[in-house]
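Here is how the chains run, residue by residue.
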Amino acid sequence: MTQIRWALIGASTIADEWMVNAICSQPDGSIKTIVSGNEIRAREFARKHGIPSSSTDLAAVLADPAIDAVYISSTNEKHLPQVLAAANARKHVLCEKPLSLSQEEAAQMIEACAANKVTLATNHHLRCAASHRKMRDLIREGAVGTPLYVRVFHAVSLPPHLRGWRIERADAGGGVILDISVHDVDTLRFLLDDEPFEVSAMTSSGTLGAAGLVDGVMGIIRFKRGVLAQIHDAFTVPYAPTGLEVHGTAGSLFARDVMTQHAVGQIELRSADGVRQIDVAHRDLYVTAVAQFHRAITDGQVPAATGIDGYRSLTAALALVQSAQTGEHVAVPSQYAQQKSV
Ligand code: NDP
């Protein structure tokens, strides 16, 4: 079995809480080193997770032929230079969302990885949830007839240990839209097999978001085939469950507790046949994502979410930002929309 040898770029919370386990759970995966901007943080992270080395020298790590892939989970403004450096060093790249801060940057990443013939994937975990995959299958099988409307309930309470750059730093891509709405968009594209066409949004700020950073949003996304999706995302809502509803001409799907990192959630289908609870075989979302990324490297399969998926979710999220700022409906750019990546 070909081993995939990883370098982590970023001593982050997501790497600490989820991704180290996701990589180390793979029979063909191991983490060789961690790169951080801070020597002590890198060393501590490596010690905590039993990673054999740590570094502050990204170029040296990328020059190491014993590294096959990198997982980038730095703050968002660092994704672009780190992805470009990794691509130019011919390393496969799994990058966190939002892929970058602008569509031009995301396009640069896609082109650099393509030019260097390495895989670029975006860590949109929700499309790896068994719940969302089950809903997608049901929609494809016609369980709801023609989908007409979707409602996404993704207003949560930002955990205290994450109340840093997300609510303070616009330059790092803070704010709820690039943090949470970007996941909603990806999940909707995945479920509906369709592309966002235009969006409208209103936002709130000031409860947690500092310096005008948005901590809540309600938005509407019109998809190309006509589905209207309503999203509600927030950092400031401690007691609301998450969920997703799909309403079609022949049925409605009600999913509870599914907009989460955890492998949980229930799905109910209501139709002329009555109310049916749907069985879901839950599995760690991030383990699934990394397993698919490995198959992309070793067998030429498509990663769970590609770089183009990251581009498409980012452009729709940026359109939501623009709509909230201008008060206008905003068309979502269609670049890469024809390249089937979902
Ligand atoms: P963190 O704030 O935990 O980490 C981001 C960076 O902050 C790290 O790379 C690190 O820099 C620096 N940092 C970490 N701890 C400290 C500290 N104590 N003092 C100073 N700097 C510190 O970010 P998250 O893990 O929440 O998010 C990282 C990325 O992952 C983002 O792009 C985010 O959008 C994404 N994300 C994705 C999720 C998903 O489910 N797909 C979920 C959560 C986040 P250095 O690299 O120099 O060590």
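Data block above holds the structure.
Below or above, wherever it landed, is the structure these notes cover. For every chain, the first residue of its written sequence is number 1, and the numbers climb from 1 along that sequence. The predicted origin of the model limits local features to residues at a pLDDT of at least 70 and limits the giving and counting of side-chain atom pairs to 80 or more, whereas totals for whole chains, interfaces and linings rest on all residues. Only hydrogens and water are set aside when side-chain values are computed; all heavy atoms of the structure are taken into account.

1. Regarding the packing of aromatic side chains
Centre-to-centre distance and the angle between the planes together describe a pair of aromatic rings. So the rule is basically this: Side-chain rings of Phe, Tyr and Trp (the six-membered ring for Trp) are treated as a pair once their centres are within 6.5 Å; stacked means planes under 30 degrees apart, edge-to-face means over 60, and tilted covers the remaining angles. Here a strand is any run of E in DSSP of at least two residues, a helix any run of H or I of at least four, and the numbering for each starts at the N terminus. By definition here, charges over rings are those cases where NZ of Lys or CZ of Arg is within 6 Å of the ring centre and within 35 degrees of the ring normal.
This model, assessed by the stated rule, comprises three aromatic pairs. Between W18 and Y286 the ring centres are 5.2 Å apart and the planes differ by 40 degrees, which places this aromatic pair in the tilted class. Here W18 is found in helix α1 (residues 13-24), whereas its partner Y286 is found in helix α9 (residues 285-299), with 268 residues between them in sequence. The positively charged end of R136 is found above the aromatic ring belonging to F190, 4.2 Å away from the centroid. Across the ring face of F254, the terminal group of R270 is positioned such that the distance to the ring centre comes to 4.6 Å.

2. Considerations on unusual backbone geometry
Residues other than glycine predominantly adopt negative phi, and peptide bonds predominantly adopt the trans conformation. Under the convention used in this document: Categorising residues by exposure relies on relative accessible area from a 1.4 Å probe, with only protein chains included: less than 20% of the type maximum marks a residue as buried, more than 50% marks it as exposed, and the intermediate range marks it as partly exposed.
Between K97 and the following residue, P98, the backbone shows a cis peptide bond with an omega angle of -20 degrees. Summarising the element assignment, P98 is placed in the loop between β5 (92-95) and α5 (103-115). Unlike most non-glycine residues, D193 shows phi in positive territory, near 55 degrees. Along the chain, D193 falls in the loop between α8 (176-192) and β8 (196-205). You can call D193 buried: its relative accessible area is 19%. Positive phi, normally seen in glycine, also occurs at A211, with a value near 50 degrees.

3. Some words on the nonpolar core
Quick note on the threshold: Nonpolar cores are built from buried Ala, Val, Leu, Ile, Met, Phe, Trp, Tyr and Cys residues. Side-chain atoms within 4.5 Å join them into one set. The split into domains, and so the bounds of each, comes from an automatic or database assignment of domains.
The biggest cluster of nonpolar side chains holds 80 residues, and the ones touching the most others in it are V70, V93, V150, L244 and L253. Here this core takes nine residues from α8, the largest share from any one element. Each of domain 1 (4-125 + 287-305) and domain 2 (126-282 + 314-331) contributes no fewer than three residues to this core. The next biggest cluster of nonpolar side chains, apart from the first, holds 23 residues, and it includes I4, W18, I51 and F293.

Read these as spatial facts, not as claims about activity.
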